[in-house]
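Given next are the chains, with one letter for each unit.
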Amino acid sequence: MLTNNSYYPHATLKLAIISLITIATQLIINSITSIYVDLLGIFLVILLVNQLANYQQLFILAFLADIIGHWYLGTHLFSLILISFITEKYYNFYKMSNILQKNISIILFFSLFDGIVCLIGLISHNLKIDMLGFAFEIVVFCPLFFFILSRFFKNTSSDFIY
């Protein structure tokens, strides 16, 4: 079950600020360089795996990612829904993992997410594979966003076992 940030209004404000910074960064990188990165996709996967946002917030961010990334409307949301079936059962193991295992998990889930988005692009004849951008996403941006989000969003759970 995803966290309900309505009990934590400061968490919703932090999420909005980080989302706007991510959107601006993605637009700047995609506009001034020859590589294409999907920073909102990384952001969505990290929020889903860490259960830091509720479904409504993920829904809005997924549609923003589609609009900003020039994808078909619903591509990110469909990929996120498919991945959510796996991450829901994976969350307890993820909470007990160390930082390296968490980073690898996020990279694997983002790769699966990006693979689903590419498959949708292949089916719709709108396939654009940028391996350099994918390498930057996995090597640089996944660990960077994980570090940033782990600093800004502390675990608000009252679970004493973990």
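This one's a predicted model, so the numbers in the text were calculated from it and none came from an experiment. (Residues numbered from 1 in each chain as written. Predicted model: local features only at pLDDT ≥ 70, side-chain atom pairs only at ≥ 80, totals over all residues. Heavy atoms only, no water.)

What to know about the nonpolar core
- Core analysis: the biggest nonpolar cluster contains 42 residues, and Ile42, Phe43 and Leu47 have the highest contact counts within it.
- Elements with a contribution of two residues or more to this core: helix 1 (9–32), helix 2 (39–50), helix 3 (55–69), helix 4 (75–96), helix 5 (99–123) and helix 6 (131–152).
- Among the elements that line this core, the one with the most residues is helix 2, at 10 residues. (Core = buried A, V, L, I, M, F, W, Y, C linked by side-chain atoms within 4.5 Å. Buried < 20%, exposed > 50% of the residue type's maximum accessible area, 1.4 Å probe, protein only. Helix = DSSP H or I, 4+ residues; strand = E, 2+ residues; numbered from the N terminus.)

What about helix 4?
- Over its 22 residues, helix 4 runs 31 Å from end to end, which matches the ideal 32 Å to within 8%, given 1.5 Å per residue.
- In helix 4, a bend of some 55° at Tyr90 exceeds every other bend along the element.
- Burial in helix 4 covers these residues: Thr75, His76, Leu77, Ser79, Leu80, Ile83, Ser84, Thr87, Tyr91 and Tyr94.
- In this fold, the buried residues of helix 4 make contact with helix 2, helix 3, helix 5 and helix 6. (Expected span 1.5 Å × (residues − 1). Bend = angle between axes of the 7 residues up to and from the residue. Contact = heavy atoms within 4.5 Å.)

Examining the packing of helix 2 against helix 6
- Interhelical geometry of helix 2 versus helix 6 gives an angle of 50° and a closest axis separation of 10 Å. It follows from the interaxial angle that helix 2 and helix 6 lie oblique. Every pair of crossing elements has a handedness; the one defined by helix 2 and helix 6 is right-handed. In this structure, helix 2 contributes Leu39, Ile42, Phe43, Ile46, Leu47 and Asn50 to the contact, and helix 6 contributes Glu137, Phe141, Cys142, Phe145, Phe146 and Leu149.
- Split into classes, the residues belonging to the contact of helix 2 with helix 6 amount to 10 nonpolar, one polar and one charged. (Axes fitted to C-alpha atoms, helices over the stretch in contact; angles between N-to-C directions. Parallel < 35°, antiparallel > 145°, perpendicular 65-115°, else oblique. Left-handed = near helix turned anticlockwise from the far one by under 90°. Nonpolar A, V, L, I, M, F, W, Y, C, P; charged D, E, K, R; others polar.)

Quick notes on the layout of surface pockets
- Estimates place the volume of the second largest pocket at around 330 Å³.
- Taken together, 18 residues make up the lining of the second largest pocket; nearest its centre are Tyr36, Trp71, Lys128, Ile129 and Asp130.
- Counting residues per element, the ones that place at least two in the lining of the second largest pocket are helix 5 and helix 6.
- Looking at the lining of the second largest pocket, the element that brings in the most residues is helix 5, giving five residues.
- A per-class count over the lining of the second largest pocket returns seven nonpolar, six polar and five charged. (1 Å grid on protein atoms, 1.4 Å probe; cavity = no way out; pocket = protein on both sides within 12 Å on 5 of 7 lines; lining within 4 Å. Points joined across faces, edges and corners; volume = space filled by probe spheres on them.)

Description of the packing of helix 3 against helix 4
- Contact pair helix 3 / helix 4: the axes reach a minimum separation of 8 Å and the direction vectors enclose 140°. What the angle tells us is that helix 3 and helix 4 run oblique. For the pair helix 3 and helix 4, the crossing hand works out as right-handed. Across the interface between the two elements, Tyr55, Leu58, Phe59, Ala62, Phe63, Ala65 and Asp66 from helix 3 touch Thr75, His76, Leu77, Leu80 and Glu88 from helix 4.

Observations concerning a nonpolar patch on the surface
- On the surface, Phe78, Ile81, Leu82, Phe85, Ile86 and Leu112 cluster together into a nonpolar patch covering about 540 Å² of accessible area.
- Per-element tally for the nonpolar patch: the top contributor is helix 4, with five residues.
- Structurally, Ile81 is set in helix 4.
- On the basis of relative accessibility, which here comes to 40%, the residue Ile81 falls in the partly exposed class. (Patch = residues over 30% accessible without salt bridge, like charges linked within 9 Å, V, L, I, M, F, W, Y side chains within 5 Å. Areas by Shrake-Rupley, 256 points an atom, 1.4 Å probe, with all protein chains shown as cover. Salt bridge = Lys/Arg side-chain N within 4 Å of Asp/Glu carboxyl O.)

A word on the environment of Ala16
- Here Ala16 shows up in helix 1.
- Along the primary structure Ala16 and Leu61 are separated by 45 residues, whereas in three dimensions their C-alpha atoms are 9.7 Å apart.

All quantities given are derived from atomic positions and should not be read as evidence of function.
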